[in-house]
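Survey of secondary and tertiary structure
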Amino acid sequence: MNSQHQILYNLKISGNLPSMPQVLVQLIDSCHDPEIQLQVIARIIDKDAAVSAKVLQLVNSAFIGARKAIADIEQAVVYLGMDAVRNLAISISVQQVFRRVESNGMLAIDRFWRHSLHSALLARNIAAAVAHPDPAGAYLAGLLHDIGKLLLWRAFPGTYAPLLLKGVRCHNARLAFLEEEKLHVNHCQAGAWLCEQWRLPSLLADAIRYHHHPLEEVAQALPLTKIACLADLLSHSDSGNQEGLDAAAQLFALSPDQVASLFAGLDEEIALLAEQMGIRVPPDGKTSHDQEPESEAAHKETSLGLINRIRDISQLSGLLDNLLRAENRDQIVGAVEQGLKILFNEDTCLLLLPDGATGQLRAHPSEDNNLARDAGGLVFAPEQHPDSLPAQALRQQRLRHSFVEKPAGKGAPNLFDAQLLGLLATEGMAAAPLIHRGQTEGLLLIGLWKKSFRTLTSQATPLQLLANHAAVALHLERSKAEQAERIAAERLAAATLVARKIAHEINNPLAILRNYLHILERKGAQGESIQAEVAVIDNELERISQITQGLEDLAQERDPLAVEPLLVHPLLEEIVSLFRASQPKDRNLSLSYVPCEEPLTLQTDANRLRQILQNLLGNALDAAPSQGVVTVRSRRDRDAVVLSVEDNGPGVDPAVGDALFRAGVSTKTGRHSGLGLPIARHLAQRMGGSLTYATEPGATVFTLTLPA
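Residues numbered from 1 in each chain as written. Predicted model: local features only at pLDDT ≥ 70, side-chain atom pairs only at ≥ 80, totals over all residues. Heavy atoms only, no water.

With that settled, consider the environment of Arg124. Among the secondary structure elements, Arg124 is positioned in helix H7 (residues 109-129). Among residues more than four places away in sequence, those in contact with Arg124 are Pro135, Tyr139 and Glu269. (Helix = DSSP H or I, 4+ residues; strand = E, 2+ residues; numbered from the N terminus. Contact = heavy atoms within 4.5 Å.)

In structure tokens:
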């Protein structure tokens, strides 16, 4: 291995960076607080270099796809959201803390973070002193400037330890020289490479890469690099150190008084951060390589606490994931029972779920549940047992258990509770309501023993999380079932509507056929010619055939229009004559056609036009009184042909309005479907025209306008 490229490739596959356990503990706990603000989360992350780096890596990754590089932690947290940050924290913990939780030999983690925080605060103060436009970026450069040390330690712990030992009493530039001599890459190059791999801003990578370069070269660099370099130099000394004063004067022309002001309050800030984070930091940060023996025990204790916390969270996260992926009630019940066994070592439990028909809670054990045989018929109505423990848990919407001292004067336990205890065959029980958005999704009963109940009740938060997620899963399952029922009902309604449309369109020619059969019977008895009537019957039968053959197209409204040249007057005269001849003899009704003086021609579908006009005429004849008058007119209006059907009926109720063209709305009595006008308007629109109406008492006019 003799090239920096090969070394960096090995770094790429070497593993993850270690993280400060205290930050992760606080971050995970805070992310589970629904009331916490994202700014608070960002401040917690800001205190840890590795977590900050991971957050920035994620937000700048191709997977997230941010439009521009994000280098500010608060922006990253807002962009990612609480869930992504929490999952990232858990991921870092599971992958890293389990691998190695103790301080790594010569690399004193406490001192490393102390030095990183010190450099970050100094970089922020320098940025403010020189009016740099991005103090947050300067803070981040100071926080991450030595992140390459962690990466080199993780990649080459055996080789890197002697280098740290040699570099303990040397300037960090000396350590960088030793790293490059032995590993062919130094911690500055490794840290900058990480920034490039994570698609962080190039200025940040440069600040890390060049912060140990000679001052003469750094003086020619951009401000962020000079800030990182000066912050690191000052963090290894104090405000009166001549080397630091010379560097401040050379890089930014800062006076000794200005340098002294950079250190104002730093120790207090770091002490406050340490107190907030619950960690012990050394009193100075001149080197991050000295391990303090007294800090190892505290570090190990904190790490072991984190291990237990992360283990519980990891197990719970897996169980919650199983709940959310469950596809039916049986799988949800199985996941809950498994969760109780894994988390709390409790296998005596019953899940009571609402019965869809009665609303009562019915026992729903899994096939593997020991109580499946005896509890299968258990039904619980809270209103019938208001004093029972399960009813109290549901009413108060919180976990209740039976190991509570009863107030003086209280007698024997509730009989229903006693029967439940007999069923569970345990000394006591706990009732955990499954509530989602104020609605009861079920109730979890857990059999308990006195010697173990405190273990379960002391872990109320994980148990409540399990109950809450079970409620969400049950809510989603119920919503999915209800949605499936709605879809089925909508499909049935749609099929019914299509069937009604078909029946409506077939009924028109059938009515004409019935009337013409009477005409045929009369003419046949008198020996008259019936050739014209037979032709009409044949046309109407052909229409019925076309309707039945196009059932699918009628349902999906995708049948194409058969556009062809059409003479308007002959078609209208034929339709009017057809309806006039089919009217009963006992009805004295006037039906006439008043044509335009000039011939009218349309490029349209003759069958569709006939369908519209037959619907309009049928409605007009139904609306007209026994001595009624129905008139069909045609005229030209510029580039359009206007056809109207007028009747002297009572008119349309103004309250109906445009709803008259909505399926199912009808002003007629009897078994009318209210589909004729919606079909007519839809066809008119498909033909590029419109259908409107005007009405008043004693006169209603429907107007069909089609492009000429």
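Additional details are given in the paragraphs that follow.
On to the sheet that holds strand S8 (residues 590-594). The strand order S8-S10-S11-S13-S12 describes an open sheet built from five strands, whose pairing is mixed. In the strand order of this sheet, the two ends are held by S8 and strand S12 (690-696), each with one partner. On average, each strand axis in the sheet is inclined to that of its neighbour by 15°, with strand direction left out of account. With eight bridges joining them, strand S11 (residues 640-647) and strand S13 (residues 699-707) adopt antiparallel strand pairing. The residue of S13 that forms the bridge with Val642 is Thr705. Against the sheet, helix H28 (residues 568-582) contacts S8, strand S10 (629-637) and S11, and its axis sits at roughly 175° relative to S8. Contacts from helix H30 (residues 676-686) reach S12 and S13, with the element oriented near 135° to S12. (Pairing = 2+ DSSP bridges. Axes fitted to C-alpha atoms, helices over the stretch in contact; angles between N-to-C directions.)

Further remarks concern the packing of helix H3 (residues 38-46) against helix H5 (residues 73-80). In the contact formed by H3 and H5, the axes pass within 9 Å of each other and the chain directions differ by 130°. Looking at the two axes, H3 sits oblique to H5. For the crossing formed where H3 meets H5, the hand is right-handed. Residues Leu38, Gln39, Ile41, Ala42, Ile45 and Asp46 of H3 form the contact with H5, whose participating residues are Ile73, Glu74, Val77 and Val78. (Parallel < 35°, antiparallel > 145°, perpendicular 65-115°, else oblique. Left-handed = near helix turned anticlockwise from the far one by under 90°.)

Across the nine residues of strand S5 (residues 428-436), nine count as buried, placing the element largely inside the fold. Burial along S5 is two-sided: Gly428, Ala430, Ala432, Leu434 and His436 and Met429, Ala431, Pro433 and Ile435, pointing in opposite directions, are all buried. Both S5 and strand S6 (residues 439-448) contribute to a ladder of nine bridges, which runs antiparallel. Looking at S6, one finds that Pro433 is bridged to Leu443. Between S5 and S6, which follow one another and run antiparallel, lie two residues, and Arg437 among them has a positive phi close to 55°. (Buried < 20%, exposed > 50% of the residue type's maximum accessible area, 1.4 Å probe, protein only.)

On to the sheet that holds strand S4 (residues 400-401). An order of S3-S2-S1-S6-S5-S4 is seen for the six strands of this open sheet, with the pairing classed as antiparallel. Of all the strands in the sheet, the pair left with one neighbour each is strand S3 (379-380) and S4. Pairing analysis gives two bridges linking strand S2 (residues 361-363) to S3, with the strands arranged antiparallel. Across the sheet, Arg362 pairs through a bridge with Val379, a residue of S3. On the sheet, helix H22 (residues 389-396) packs against S2, S3, S4, S5 and S6 and is oriented at approximately 30° with respect to S5. Sheet strands touched by helix H23 (residues 415-424): strand S1 (349-354), S3, S5 and S6. Its angle to S5, the strand with the most contacts, is close to 105°.

Further remarks concern the packing of aromatic side chains. Enumeration over the complete set of coordinates arrives at two aromatic pairs. Between Phe380 and Phe416, the ring centres sit 5.1 Å apart and the planes meet at 20°, which makes this aromatic pair stacked. With a gap of 36 residues between them, Phe380 in strand S3 and Phe416 in helix H23 connect regions that are remote in the sequence. The two residues Phe380 and Phe416 agree in class, both being buried. For the pair Tyr693 and Phe702, a centre-to-centre distance of 5.5 Å together with 25° between the ring planes defines the contact as stacked. One residue, Arg209, lies across the ring of Tyr210, its end atom 5.9 Å from the ring centre. (Phe/Tyr/Trp six-rings, centres within 6.5 Å; stacked < 30°, edge-to-face > 60°. Lys NZ or Arg CZ within 6 Å of the ring centre and 35° of its normal.)

Okay, the packing of helix H4 (residues 49-59) against helix H8 (residues 135-144) next. Relative to each other, H4 and H8 sit at 120°, their axes nearing to 9 Å. It follows that H4 is oblique to H8 by the angle criterion. Along this stretch, H4 crosses H8, giving a crossing that reads as left-handed. Here H4 contributes Ala49, Ser52, Ala53 and Leu56 to the contact with H8, which in turn contributes Leu140, Leu143 and Leu144. Classifying every residue of the contact of H4 with H8 by side-chain character gives six nonpolar, one polar and no charged. (Nonpolar A, V, L, I, M, F, W, Y, C, P; charged D, E, K, R; others polar.)

Moving on: the side chain of Thr631. One can find Thr631 in strand S10. Residues within four places of Thr631 in sequence aside, it is in contact with Ser592, Val594, Ser644, Val645 and Glu646.

On to H22, then. Among the eight residues that make up H22, six are buried, leaving the element largely enclosed by the rest of the structure. The inward-facing, buried residues of H22 contact S2, S3, S4, H23, S5 and S6. Positive phi appears at Gln397, one or two residues downstream of H22, with a value of about 55°.

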